[in-house]
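A look at the structure
Below are the chains, spelled out letter by letter.
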Amino acid sequence: MPGFGIGTPIYFAIQAFIARFVYREASTHNRRSPLVLAGSIFILSIVAVFIVGSILPVLLVEAVTIIMYRAATYRNKPPTAQ
């Protein structure tokens, strides 16, 4: 079980930024409830820390997921007319 220390508010802030990113992307793709999706990501990431027992693997998985998502959306972006 992870301990609560000085890094806890920092972790919550990082998770808030990730939830904000999820909300923005869900809104961009016209998902039905982007707020519920962002809230679920925030809560599930906190639950994942308790299950895994460490913050670092959870952040690493989230970072890799976001990088892969950004790379896929960049690659599938239609070319702009010049």
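First, a word on what this report is: a plain description of the structure on this page. The model shown is predicted, which means the values in this text are computed figures rather than measured ones. (Residues numbered from 1 in each chain as written. Predicted model: local features only at pLDDT ≥ 70, side-chain atom pairs only at ≥ 80, totals over all residues. Heavy atoms only, no water.)

What follows concerns the pattern of salt bridges. Using the criterion set out here, one finds 2 salt bridges in the structure. With a shortest N-O distance of 3.7 Å, Glu-25 and Arg-70 are connected by a salt bridge. Within this pair, whereas Glu-25 is found in helix α1 (residues 7-28), its partner Arg-70 is found in helix α3 (residues 55-75), the two being separated by 45 residues in sequence. Three or more residues are tied together by salt bridges with common partners; here these are Arg-24, Glu-25 and Arg-70. (Salt bridge = Lys/Arg side-chain N within 4 Å of Asp/Glu carboxyl O. Helix = DSSP H or I, 4+ residues; strand = E, 2+ residues; numbered from the N terminus.)

Here we take up helix α2 (residues 34-52). Counted at 1.5 Å a residue, the expected span for α2 with its 19 residues is 27 Å, and the 26 Å between its end C-alpha atoms agrees. Residues of α2 that are buried: Pro-34, Ala-38, Ser-45, Ile-46 and Val-49. With its buried residues spanning 120° around the axis, α2 presents them on a single face. Of the exposed residues in α2, those oriented more than 90 degrees away from the buried face are Val-36, Leu-44 and Ile-51. Looking at the residues trailing α2, positive phi occurs at Gly-53, about 90°. (Expected span 1.5 Å × (residues − 1). Buried < 20%, exposed > 50% of the residue type's maximum accessible area, 1.4 Å probe, protein only. Arc of directions from axis to C-beta.)

What follows covers the layout of surface pockets. There is about 420 Å³ of room inside the largest pocket. Along the wall of the largest pocket there are 18 residues; nearest its centre are Ile-18, Val-22, Ile-41, Thr-65 and Ile-66. Here the element with the most residues in the lining of the largest pocket is α3; it accounts for 6 residues. By residue class, the composition of the lining of the largest pocket is 12 nonpolar, 3 polar and 3 charged. (1 Å grid on protein atoms, 1.4 Å probe; cavity = no way out; pocket = protein on both sides within 12 Å on 5 of 7 lines; lining within 4 Å. Points joined across faces, edges and corners; volume = space filled by probe spheres on them. Nonpolar A, V, L, I, M, F, W, Y, C, P; charged D, E, K, R; others polar.)

Mapped onto the elements, Ser-54 comes out in the loop between α2 and α3. In this structure the C-alpha to C-alpha distance between Ser-54 and Val-64, which are 10 residues apart in sequence, comes to 17 Å.

Turning next to the environment of Thr-8. Structurally, Thr-8 can be placed in helix α1. Along the backbone, Thr-8 and Ile-55 are 47 residues apart, and their C-alpha atoms lie at a distance of 9.5 Å.

Let us now look at the environment of Met-68. You can see Met-68 is positioned in helix α3. Sequence separation between Met-68 and Pro-9 is 59 residues; the distance between their C-alpha atoms is 27 Å.

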